[in-house]
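Architecture at a glance
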Amino acid sequence: MGFKCGIVGLPNVGKSTLFNALTQTASAEAANYPFCTIEPNTGQVPVPDERMTKLAELAKSKELIPTKLEFVDIAGLVRGAASGEGLGNKFLSHIREVDAIVHVIRCFEDGDITHVDGKVDPISDAETIETELMLADLESLERRTENLVKKIRGGDKEAILQSELINRALEVLRDGKPARMVELADDEVKAFKMLQLLTAKPILYVCNVDEESAATGNDFSARVEKMAEEQGAGTVIISAAIEAEVAQLDNEERAEFLADLGLSETGLGRIIKAGYDLLELITYFTVGPKECRAWTIRQGTLAPAAAGVIHTDFEKGFIRAETISYDAYVEHGGESGAKEAGKMRLEGKEYEVKDGDVLHFRFAN
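So, here's what we can say about the structure. (Residues numbered from 1 in each chain as written. Predicted model: local features only at pLDDT ≥ 70, side-chain atom pairs only at ≥ 80, totals over all residues. Heavy atoms only, no water.)

What the protein chain contains, in helices and strands, is 14 helices and 12 strands. Relative to its full complement of 365 residues, the protein chain shows a buried share of 49%. Nonlocal contacts in the protein chain, meaning residues at least 24 apart in sequence, comprise 69% of its contacts between residues at least 6 apart. On the protein chain, roughly 18,400 Å² of surface is accessible, and the fraction owed to carbon and sulfur atoms is 47%. (Helix = DSSP H or I, 4+ residues; strand = E, 2+ residues; numbered from the N terminus. Buried < 20%, exposed > 50% of the residue type's maximum accessible area, 1.4 Å probe, protein only. Contact = heavy atoms within 4.5 Å. Areas by Shrake-Rupley, 256 points an atom, 1.4 Å probe, with all protein chains shown as cover.)

Glancing now at the state of the cysteines. Per the counting criterion, the structure on display carries zero disulfides. Between Cys-107, a free cysteine, and Cys-207, which holds the nearest cysteine sulfur, the sulfur-to-sulfur gap is 4.2 Å. On the accessibility criterion, Cys-107 (0% relative accessible area) is buried. (Disulfide = S-S within 2.5 Å.)

Right, let's talk about the nonpolar core for a bit. Counting residues in each nonpolar core, the largest one holds 55 residues, and the members touching the most others are Leu-69, Phe-71, Ile-95, Tyr-205, Val-206 and Ile-271. In terms of nonpolar packing, the next biggest core, distinct from the first, is built from 16 residues, Leu-141, Val-172, Phe-192 and Leu-195 among them. (Core = buried A, V, L, I, M, F, W, Y, C linked by side-chain atoms within 4.5 Å.)

This brings us to the packing of aromatic side chains. Under the definition given, this model contains three aromatic pairs. Where Tyr-284 meets Phe-361, the ring centres are 5.9 Å apart and the plane angle is 85 degrees; that geometry is what we call edge-to-face. Taken together, the residues Tyr-284 in strand β8 (residues 281–287) and Phe-361 in strand β12 (residues 358–363) connect sequence positions 77 residues apart. Considered together, Tyr-284 and Phe-361 belong to a single accessibility category, that of buried residues. (Phe/Tyr/Trp six-rings, centres within 6.5 Å; stacked < 30°, edge-to-face > 60°.)

Its 12 residues place the ends of helix α10 (residues 267–278) 16 Å apart at the C-alpha level, agreeing with the 16 Å of an ideal helix rising 1.5 Å per residue. For α10, the set of buried residues is Gly-267, Leu-268, Gly-269, Ile-271, Ile-272, Ala-274, Gly-275 and Tyr-276. Backbone geometry just after α10 places Glu-280 at a positive phi near 55 degrees. (Expected span 1.5 Å × (residues − 1).)

What follows covers empty space enclosed by the protein. Empty space among the atoms becomes visible once a probe the size of a water molecule is rolled across them. This structure, assessed with the given rule, holds one cavity of 30 Å³ or more. Computed from the structure, the largest cavity encloses a volume of approximately 40 Å³. Contributing to the lining of the largest cavity are Ala-214, Ile-237, Ile-238, Ser-239, Ile-242, Glu-243, Leu-263, Glu-265, Thr-266, Gly-267 and Arg-270. Put simply, the parts of the chain that give the lining of the largest cavity at least two residues each are β7 (234–238), α8 (240–246) and α10. For the lining of the largest cavity, the residue count by class is five nonpolar, three polar and three charged. (1 Å grid on protein atoms, 1.4 Å probe; cavity = no way out; pocket = protein on both sides within 12 Å on 5 of 7 lines; lining within 4 Å. Points joined across faces, edges and corners; volume = space filled by probe spheres on them. Nonpolar A, V, L, I, M, F, W, Y, C, P; charged D, E, K, R; others polar.)

Here you go:
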């Protein structure tokens, strides 16, 4: 089960620098000119989780295998992308393939780094990207409306429902708002996701500030935070330049470097965690002497589907899940102690896996 976050933004806002630091590679060329990223670069990034260290210590696990998020560095969009300007259409299709959007916004002045519009205005930059995505959604929905006419006349119930959702989305988009602002009933969410709208994807705004503002932010980032709050979106403040330096350091040097800057955690760690939250993901663990491993599932996943993340045979032959909460596992010194204290539960097919559960699946071959 893979989860992708697409890194988007205007040219020269620090996307590729951020991606390089995020994946600790130099696979994306970071250059001071527009469109230096042509094909989307993809990297898998481990999700920081301090719980793994404690679990592995108690189980004497030889190896720690964290869960991962996939980040995709998508080339810079420009005004007119929805109608094919720049390299627009191609990159809009790349955005359509991700689960969430990480929108990098330039929040620093630097005469040596060209801004595509000639001035730094983070709100205008955000609106440029959002507008292009909304225009692409409008075009997509209007085409679908035409294709549904015959089916609706024939009384196709699925087409009628789809048409209702499309009309509500069109109303919101024509009002200049993203599709994620459409109000949905619980039983409409799945059908709405099937529309694959760009502006329906959850979004995280990443404010790329100068090094001096990395700990506190600045006036530019404050404006973005206000905008995001009004939209119900998240924000993270980072300095891509600092993160690129941090990525080259070992753990001890990294902690000292961050402390000197007044930072307790890397911006990249915050982005990864925020991306995890953005996609409504949780982690469960399998723990033993060979390995301690983290697995990613969506909130609300039932035990058989959670088992299927490890192997499809586990889901098909699911019998039960031996379940210990993280807190109980630690409090009682590991699996044996938790069992002796009566803290291991046998959960069936209707069990909704909780964040931090330590699971052992029983299944029939």
